Amino acid sequence: STDKTIVLITGGKHNPNNNRHTTSLTPPKANSGIGLEWASQLMAKGPYHILIGARSPGKGQAAVKQLQSKNLPGTCELLQLDQTDDASIAAAAKSVETTHGRLDVLINNAAIASEEPTRENMLSNFNTNAASVYFVTQAFRPLLLKTHSA
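Residues numbered from 1 in each chain as written. Predicted model: local features only at pLDDT ≥ 70, side-chain atom pairs only at ≥ 80, totals over all residues. Heavy atoms only, no water.

With that settled, the discussion passes to the pairing of strand β4 (residues 75–80). Each regular strand shows side chains that alternate between the opposite faces of the sheet. Pairing of strand β3 (residues 48–54) with β4 involves six bridges; the strand directions are parallel. Bridged to Ile50 within β4 is Cys76. Running through helix α2 (residues 57–68), the crossover from β3 to the neighbouring parallel element β4 is right-handed. (Pairing = 2+ DSSP bridges. Helix = DSSP H or I, 4+ residues; strand = E, 2+ residues; numbered from the N terminus. Right-handed = clockwise from strand over helix to strand, strands pointing away.)

Turning next to the nonpolar core. Leu8, Leu51, Leu79, Val96, Leu103 and Phe140 are the most contacted members of the largest nonpolar core, which totals 14 residues. At the level of secondary structure, the elements contributing two or more residues to this core comprise β1 (5–9), α3 (86–99) and α4 (119–144). The leading source of residues in this core is α3, at four residues. The residues touching Leu51, leaving out its near neighbours within four places in the chain, are Ile6, Val7, Leu8, Ile9, Glu77, Leu79, Val96, His100 and Leu103. In terms of nonpolar packing, the next biggest core, distinct from the first, is built from 13 residues, Leu36, Met43, Val64 and Cys76 among them. (Core = buried A, V, L, I, M, F, W, Y, C linked by side-chain atoms within 4.5 Å. Buried < 20%, exposed > 50% of the residue type's maximum accessible area, 1.4 Å probe, protein only. Contact = heavy atoms within 4.5 Å.)

This part covers α3. End to end, α3 covers 20 Å across 14 residues, agreeing with the expected 20 Å (1.5 Å per residue, within 8%). Elements in contact with the buried residues of α3: β3, β4 and α4. The residue sitting at the N-terminus of α3 and contributing the capping side-chain oxygen is Asp85; that oxygen lies 3.1 Å from the backbone nitrogen of Ala87. Count one or two residues on from α3 and you reach Gly101, which has phi positive near 80°. (Expected span 1.5 Å × (residues − 1). Polar contact = N/O pair within 3.5 Å; in protein donor to acceptor, adjacent residues only side chain to side chain.)

As a further point, take the pairing of β1. For β1, the tally of buried residues reaches four of five residues, placing the bulk of the element in the interior. Strand direction decides the pairing type here: β1 and β3, joined by five bridges, are parallel. Paired with Thr5 across the two strands is Tyr48, which belongs to β3. Bridge count between β1 and strand β5 (residues 105–107): three bridges; the pairing is parallel. Its bridge partner being in β5, Leu8 is matched across the sheet by Leu106.

Attention now goes to the sheet that holds β5. A sheet is described by the order of its strands in space; here four strands give the open sequence β4-β3-β1-β5, paired in parallel fashion. Across the chains shown, the open sheet's two edge strands, defined by having one partner strand only, are β4 and β5. Adjacent strand axes in the sheet meet at a mean angle of 20°, parallel and antiparallel pairs treated alike. Its contacts with the sheet put helix α1 (residues 33–45) on β1, β3, β4 and β5, and the angle it makes with β3 is roughly 165°. Strands in contact with α2 are β3 and β4; relative to β4, the strand with the most contacts, it is inclined by about 180°. (Axes fitted to C-alpha atoms, helices over the stretch in contact; angles between N-to-C directions.)

The first and last C-alpha atoms of α4 sit 35 Å apart over 26 residues, in line with the 38 Å expected at 1.5 Å per residue. Along α4, the helix axis deviates most sharply at Ser132, where the bend reaches about 40°. Asn121, Ser124, Asn125, Thr128, Ala131, Ser132, Val136, Phe140 and Leu143 are the residues of α4 that are buried. In this fold, the buried residues of α4 make contact with β1, β4, α3, β5 and β6 (113–114). (Bend = angle between axes of the 7 residues up to and from the residue.)

Another point: the environment of Ser95. Take Ser95: it is sitting in helix α3. Using a relative accessible area of 33% as the deciding quantity, one classes Ser95 as partly exposed.

Right, dumping it as structure tokens:
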């Protein structure tokens, strides 16, 4: 895949506050919705290798199989990544470095929203929507700087 553009699309995270007073609004992730559509459209263009960043290996692998079943010219693989877990972020970055040596594009598609604005929900939203985006970007920054077009 060294001749292809390496793209990581990260996924969303369900709100852990699943009680009867809180509704989790889960936006599109890498393994569904807009993230999956981005992957599909890039793979249709051909010279792209998509890393499907997913917290759940089962859901991520299902997305990979769905994309592969379309017989598109591009390729894809699962990259296990929980963007709210620093060890998971570090392991994912190390995996990409070992396997591909670089990352050309990062589509940081992780976000959550809660209908009930409690302190706990707002902190969870901030962790995923702001802090995690920063830490994922920082972890992959050295690989992004190795891209051919940098």
